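Next come the chains, spelled out residue by residue.
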There are 4 protein chains.
Amino acid sequence: MSGNRFGTLFQYTSWGESHGPAIGVVVDGVPPRIPLNEADIQAFLDERKPGGSRFVTQRKEPDRVEILSGVFDGLTTGTPISLLIRNEDARSKDYGDIKDKFRPGHADYTMQAKYGIRDYRGGGRSSARETACRVAAGAIARKILTHQIGEFVSISGFVAQIGPHCADPARYDPAQRNENPFFALDPAIVPVWEDFLDQTRKNGSSAGALVEVRAKGIPAGLGAPVLRKLDADLAHAMMSINAVKGVEIGAGFGAVTLSGADNADDIRIGEDGKTPMFLSNHAGGVLGGISSGQEVVVRMAVKPTSSILTPKQTIDANGNETEIVTKGRHDPCVGIRAVPVAEAMMACVLADHWLMHKAQCL
Amino acid sequence: MSGNRFGTLFQYTSWGESHGPAIGVVVDGVPPRIPLNEADIQAFLDERKPGGSRFVTQRKEPDRVEILSGVFDGLTTGTPISLLIRNEDARSKDYGDIKDKFRPGHADYTMQAKYGIRDYRGGGRSSARETACRVAAGAIARKILTHQIGEFVSISGFVAQIGPHCADPARYDPAQRNENPFFALDPAIVPVWEDFLDQTRKNGSSAGALVEVRAKGIPAGLGAPVLRKLDADLAHAMMSINAVKGVEIGAGFGAVTLSGADNADDIRIGEDGKTPMFLSNHAGGVLGGISSGQEVVVRMAVKPTSSILTPKQTIDANGNETEIVTKGRHDPCVGIRAVPVAEAMMACVLADHWLMHKAQCL
Amino acid sequence: MSGNRFGTLFQYTSWGESHGPAIGVVVDGVPPRIPLNEADIQAFLDERKPGGSRFVTQRKEPDRVEILSGVFDGLTTGTPISLLIRNEDARSKDYGDIKDKFRPGHADYTMQAKYGIRDYRGGGRSSARETACRVAAGAIARKILTHQIGEFVSISGFVAQIGPHCADPARYDPAQRNENPFFALDPAIVPVWEDFLDQTRKNGSSAGALVEVRAKGIPAGLGAPVLRKLDADLAHAMMSINAVKGVEIGAGFGAVTLSGADNADDIRIGEDGKTPMFLSNHAGGVLGGISSGQEVVVRMAVKPTSSILTPKQTIDANGNETEIVTKGRHDPCVGIRAVPVAEAMMACVLADHWLMHKAQCL
Amino acid sequence: MSGNRFGTLFQYTSWGESHGPAIGVVVDGVPPRIPLNEADIQAFLDERKPGGSRFVTQRKEPDRVEILSGVFDGLTTGTPISLLIRNEDARSKDYGDIKDKFRPGHADYTMQAKYGIRDYRGGGRSSARETACRVAAGAIARKILTHQIGEFVSISGFVAQIGPHCADPARYDPAQRNENPFFALDPAIVPVWEDFLDQTRKNGSSAGALVEVRAKGIPAGLGAPVLRKLDADLAHAMMSINAVKGVEIGAGFGAVTLSGADNADDIRIGEDGKTPMFLSNHAGGVLGGISSGQEVVVRMAVKPTSSILTPKQTIDANGNETEIVTKGRHDPCVGIRAVPVAEAMMACVLADHWLMHKAQCL
């Protein structure tokens, strides 16, 4: 019911506003006796942390996580794990203008329409700051997957396109992911994106991006045939990330123009003489809503940041027409920092489905 | 938890296999004192019903719905509404070959991997026959919306593309929707699709489709800012429909190449002097996860039917490599019959969010 | 959310009114590959069935169950199991008087206050007829427990007191349970209860009862320390049975007068040299909300039937004061037929907790 | 699913261990624009706070609550309210002995059996310290009830019996509740309980108690006819409180010996000429699972504290038989501090049902 809770067996409840004293997340349903410490979580928070390059927001937040419960002698105990992250660089004055004006492309108007009140400081609950909680929960989800399935499980995302500029899959090199400010796998696209985003910022505008996440090592059997299809849950999770406007799995929208003969992935027996081996992966690792053992492949469209210096027409809380320019410290391309968030959401969905699969309960 | 249950306040639980004695759905959370009879539901089932043209499966199912509970003197009572649909034309012999072989592109292998048993007759629980239950539930969802919000609420879908052939939005005429076997709004595309699908069937193959659904008359305020974003729930619902591989809202994947200045929809005051009027709808009616009062616009990619006469490589339940040709009565383009299902799912999501909005509980 | 759904992993959704065409239940979360047929369920329905003696209602219902889905080749498939029971002896004319008058002690007034409409025929959704669905679901719950834990698991209930007449535990003989119309274990109390109930009926009144249910063979570890305590879930389940007004576990209300030294059950090592053996069972098999491996013991107070021939003061739907005599075919002591229902609810709670325990998910 | 979450629309998730750095609770589903500050919550925490008299534990905890989110300008915003309470007087050395030995009557053995690990310090997650979170959540629940229904709503509990010594309802005076260390309404029983508990402590033992809670001003219509009966939810909530072994509503176990004619509460029209007026309240304010507008009356049995100085037989983690004496700072009668907790749980259940009733969603 809660709009702030994720999951069925692996669950988290996130809370906090952009400019309140802190944000946090309570992670529940974690099996007992899994090694966990703050550094396990911090590593992923650091990837999402603002201020890492000139292509992301300049807000300075250490995003240091504290574990307040659920871990004893370095092991999870099966009880809820409460994580706390203090907000330290909340400059509310930057946002004075948005107290009364509704920023186009933002939740300002709709939050007011829904609740009749909103913490307008930094977007309050609608701020992408909340995604730090998702990354923290995702770090625990990864621990479950690697501890219970195996260290070979990996969930890794990257930016595939910024504005009109596509990376070239032929040049993808996973080792490049951490060598540039874009989570790009194609080193040749990096200077193109740098120039494009520098120009975009100079224009007082922002850019959209295409993000892809892949999970390797996921066994067959996760998901269910009707309403808890694995891909349906992935679509929900990805579309719940701020600024995401589209989600596809495997061939995705490309499947519209494929023939049935080309789209269905042929099956052979793998080298071990028993595991199915698929000759292609148009399915994106999910057949009939259930994982097939192939790589799970999801892509999402991230819209350009709506907080821009270009003046936009809008209205204020009193119903007057006006204009707004959104100052402050904003990401020129939110798609970049969406990468660790999308990875985290995939980890959370897979951990939840893994536990349900193990429990034979779906 | 259940993989067969939809919703939070407006809920349904579906059950039944393709070739069992019946399928059905229990719809709960329906407010009391709403007029409802079997004809209200039958009208929508008839749209989804197989056998309507040569472009859909030739299985003959009247799909006649019986209301077994929850309605008294023609009004809902607030108690669960149980709906039953008998299976009448289940020719299990047609499917003998799939008992032991896994059809590529289908759930056969993954269902076996998950449960260690499967009702292989007609795909069992994984069959799209289950979507009749969704359409029945959707008919009740529509009643809630029109009874409580107003008769002006409408949810209408159409096919926008089949294979490589796109309809032209400039020619869209809503009155055309029921005048052709494709739920097409563009009359000029109809003969193109007829030829294309006739040829596709002759080739023993099948075709993908792009389906769009629009909801008019939805008030601002439905949804929530974090994990129950209206668009996230819509993405889940649409991706849970058989054969759907991608979902987008508003500008969707097109937003990747838009600039922030172009993408954010400018806001003015409407003719009534108070309601916001948006100058474009890249948002697809949802801002920050909450409806804005604009038209809600969702598109989805439907893959080509995997049941085809073209031989495909596969394996059998004993781990031997083999080949399969899927005979039987199949849709050459499942995207067509996906239209009433997608409408129903949008109605269900909106009814659920409407009730949560009214309850101020999200 | 739904008020008609039970459980977390083992779940059921019940539907139907006393005098509608049918009642039924959709049982979901049943692990695959468990043998199940209609006879497994029918045996328990027959225990609850009306008309078995002069001490229960004379309504004649065969309560024949049909399995409509979820079972294939005699085995569960992991998909929802839909069960249907037709109503065959609904004499709506018997109940004409209650259309406008609210029966004291019944849900008539509160249903009207809540929904503004009610199916008054036989109590509609508030009728104890719904408990047939619980018994059917409970039969499946038992199959899960015996199939997965062992055939030694048993859940057995009995009547311990009717009106002021208590059975004597010193004379309890489990073999007596099916040898009398009361589910009594003490044969000496049977004639006392017969005389008492015959007299009660002659007086146009009804009697309360104390029902006890015990579960043997339940392993340690079911439950959780805070809000999903096993005893809390049992209390919920038992109190949800029509006419139950109190629930206690182990020493129950008797614990108020025990000293801490007497109440805490001493622990020794059992004969196998490792399993804990408790020297008493004041805890009723649950410590800190988690099963200890001892017998789980629950008792509940069942109020006297409110449908009696003695005239009672009441009001009608128009707000006028009036009087009512409830004719029709009613149980003089609903506590008797509550026994199989209470057993079923305990089976459902234990199956649900067993699955959660096995899944390590609570 | 989570064992640490309460509620459907009004919800909370509690976390924290007795001797960890902090405990806390995230309260979600609170309607927007309700005035709320820390003092509103602190007042109730102070009632439950340890150290108030010689009849409760001597642990010194200020139980100072911090609001970390969900409140803006003194009003709730509809987003989750995170509450934090630091643990300040955790003397882990007091509990060294229980690291390896299982205390009879406690969750030590069952927690180990369930999770294979436990934070043994002060009982960890099983400690009644967690109930501070419930009291904090309950304070917010009360705000919802009084803000939305009216200031006349009151939820008040008291101790009715300690060991064998019953208070006399004929002498009940609500004004006495805060004038003695027992939440007693009968001033004449106070010295009796003082002497009894002083003697009990000298004997190294502890005492049980009977607690009663009453809610006034609750409108008719809260609850539902089948599995979300208001009394079933109350039974669950009360039985989930540490040490509670029995729950009854209205006449409760006393209903077993009442005749149907005596038990059903006659109905007349009240002074306003329209509201039903019941001539007695054997129902305890709930008919067929739905509130009737009468006072809601619940009683619960609280077992004597299991932490006592009297030596008890037990086993250790290695399976050896041994003996244990539980030193430390324990309540001689936990029933006393259970009063504010039971009130809080009733407030939470009623707030949840109130929101569901308002939403017409059950």
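Located above this text is the structure these notes cover.
Anyway, here's the lowdown on the structure attached to this text. (Residues numbered from 1 in each chain as written. Chains lettered and ligands numbered in written order. Predicted model: local features only at pLDDT ≥ 70, side-chain atom pairs only at ≥ 80, totals over all residues. Heavy atoms only, no water.)

## Considering the overall build of chain A
1) Next: Per the secondary structure count, chain A includes 7 helices and 18 strands.
2) Next: In terms of overall size, chain A behaves like a compact globule, its C-alpha atoms giving a radius of gyration of 21 Å where 362 residues would be expected to give roughly 21 Å.
3) Next: Its C-alpha atoms give chain A principal-axis dimensions of roughly 70 × 50 × 40 Å.
4) Next: Relative to its full complement of 362 residues, chain A shows a buried share of 69%.
5) Next: Sequence-distant contacts in chain A: of pairs separated by 6 or more residues, those separated by 24 or more amount to 70%.
6) Next: Side-chain charges in chain A split into 40 positive and 42 negative, and the spacing between the mean points of these groups amounts to 5 Å. (Helix = DSSP H or I, 4+ residues; strand = E, 2+ residues; numbered from the N terminus. Rg over C-alpha atoms; globule rule 2.2 N^0.38 Å. Buried < 20%, exposed > 50% of the residue type's maximum accessible area, 1.4 Å probe, protein only. Contact = heavy atoms within 4.5 Å. Lys, Arg positive; Asp, Glu negative; His and termini not counted. Charge placed at Lys NZ, Arg CZ, Asp CG, Glu CD.)

## Focus: the pairing of strand β3 (residues 22-28) of chain D
All names here are of chain D.
1) Next: For β3, a buried count of 7 out of 7 residues is recorded, marking the element as mostly surrounded by other parts of the structure.
2) Next: The side-chain alternation of β3 yields two buried faces, one formed by A22, G24, V26 and D28 and the other by I23, V25 and V27.
3) Next: As paired elements, strand β2 (residues 11-16) and β3 share 6 bridges and run antiparallel to each other. Bridging from a neighbouring strand, T13 pairs with V26 of β3.
4) Next: Turn length for the β2-β3 hairpin, with the two strands adjacent in sequence and antiparallel, is 5 residues.
5) Next: Note that β3 and strand β7 (residues 81-86) share 6 bridges and pair antiparallel. Bridge assignment links V25 to a residue of β7, and that residue is L83. (Pairing = 2+ DSSP bridges.)

## What about the nonpolar core?
1) Next: Core analysis: the biggest nonpolar cluster contains 374 residues, and F10 of chain A, F10 of chain B, F10 of chain C together with F10 of chain D have the highest contact counts within it.
2) Next: Looking at which element gives the most residues to this core, the answer is helix α7 (residues 334-358) of chain B, with 17 residues. (Core = buried A, V, L, I, M, F, W, Y, C linked by side-chain atoms within 4.5 Å.)

## As for the packing of aromatic side chains
Residues and elements named next belong to chain D.
1) Next: Applying the stated criterion across every chain yields a total of 30 aromatic pairs over all chains.
2) Next: Seen in terms of ring centroids, F102 and Y109 are 5.6 Å apart; in terms of plane orientation they differ by 65°. Their pairing is edge-to-face. For the pair F102 and Y109, one class covers both residues: buried.
3) Next: Their ring planes at 85° and their centres at 5.7 Å tell us that F182 and W193 sit as a pair that is edge-to-face. Of this pair, F182 sits in the loop between β9 (165-166) and α4 (190-202) while W193 is found in helix α4, placing the two residues 11 residues apart along the sequence. (Phe/Tyr/Trp six-rings, centres within 6.5 Å; stacked < 30°, edge-to-face > 60°.)

## Digging into the relation of the copies chain A and chain B
1) Next: Between the two copies, chain A and chain B, the superposition gives an RMSD of 0.0 Å; the rotation angle is 180° and the shift along the axis is 0.0 Å. Look at the turn and shift together and you get a two-fold axis relating the two. Ranked by how close their C-alpha atoms come to the rotation axis, the residues of chain A are headed by H236 of chain A, at 2.3 Å.
2) Next: A symmetric contact is evident, with 100% of the interface residues of chain A recurring at the interface of chain B. (Least-squares fit on C-alpha atoms with pLDDT ≥ 70 in both.)

## Quick notes on the sheet that holds strand β1 (residues 5-6) of chain B
All names here are of chain B.
1) Next: Sheet architecture is open: 5 strands sit in the order β1-β2-β3-β7-β4, paired in antiparallel fashion. The sheet terminates laterally at β1 and β4 (65-67), the two strands that pair on one side only.
2) Next: Where β1 and strand β2 (residues 11-16) come together, 2 bridges link them in antiparallel fashion. Bridging from a neighbouring strand, F6 pairs with Y12 of β2.
3) Next: Strand contacts of helix α3 (residues 131-148): β2, β3 (22-28) and β7 (81-86), with the helix running at about 30° to β3, the strand carrying the most contacts. (Axes fitted to C-alpha atoms, helices over the stretch in contact; angles between N-to-C directions.)

## Brief notes about helix α7 (residues 334-358) of chain D
Residue and element names in this part refer to chain D.
1) Next: Relative to the 36 Å expected for 25 residues at 1.5 Å per residue, α7 spans 36 Å between its end C-alpha atoms, a close match to the ideal helical length.
2) Next: Along α7, the sharpest change in direction is near 30° and occurs at P340.
3) Next: The buried count for α7 comes to 23 of 25 residues, which makes it a mostly enclosed element. (Expected span 1.5 Å × (residues − 1). Bend = angle between axes of the 7 residues up to and from the residue.)

## Concerning unusual backbone geometry
1) Next: Located in the positive-phi region is F183 of chain C, a residue other than glycine, with phi close to 50°.
2) Next: Residues other than glycine seldom take positive phi values, yet R33 of chain D does so here, at roughly 70°.
3) Next: Mapped onto the elements of the fold, R33 of chain D is located in the loop between β3 and α1 (38-48).
4) Next: When its relative accessible area of 38% is taken as the criterion, R33 of chain D is described as partly exposed.

## Structural notes on the relation of the copies chain B and chain C
1) Next: At an RMSD of 0.0 Å, chain B and chain C line up after a rotation of 180° and a shift of 0.0 Å along the axis.
2) Next: Interface overlap between copies is the fraction of interface residues in one copy that are interface residues in the other; for chain B against chain C it reaches 100%, indicating a shared surface.

## Examining the sheet that holds strand β11 (residues 244-249) of chain C
Hydrogen bonds along the backbone pair up the strands of a sheet, which may run parallel or antiparallel.
1) Next: The strand order across the open sheet formed by 10 strands is β9(C)-β8(C)-β10(C)-β16(C)-β11(C)-β11(D)-β16(D)-β10(D)-β8(D)-β9(D), and the pairing between neighbours is antiparallel. Either end of the sheet is taken by a strand with one partner, and the two such strands are β9 (165-166) of chain C together with β9 of chain D.

## Regarding the pairing of strand β17 (residues 312-315) of chain A
All names here are of chain A.
1) Next: Inspection of the sheet shows β17 paired to strand β18 (residues 321-324) by 4 bridges, in the antiparallel sense. Note on β18: the bridge partner recorded for T314 is T322.
2) Next: Counting the residues in the hairpin turn of β17 and β18 gives 5 residues, including G319, whose phi is positive at 85°.

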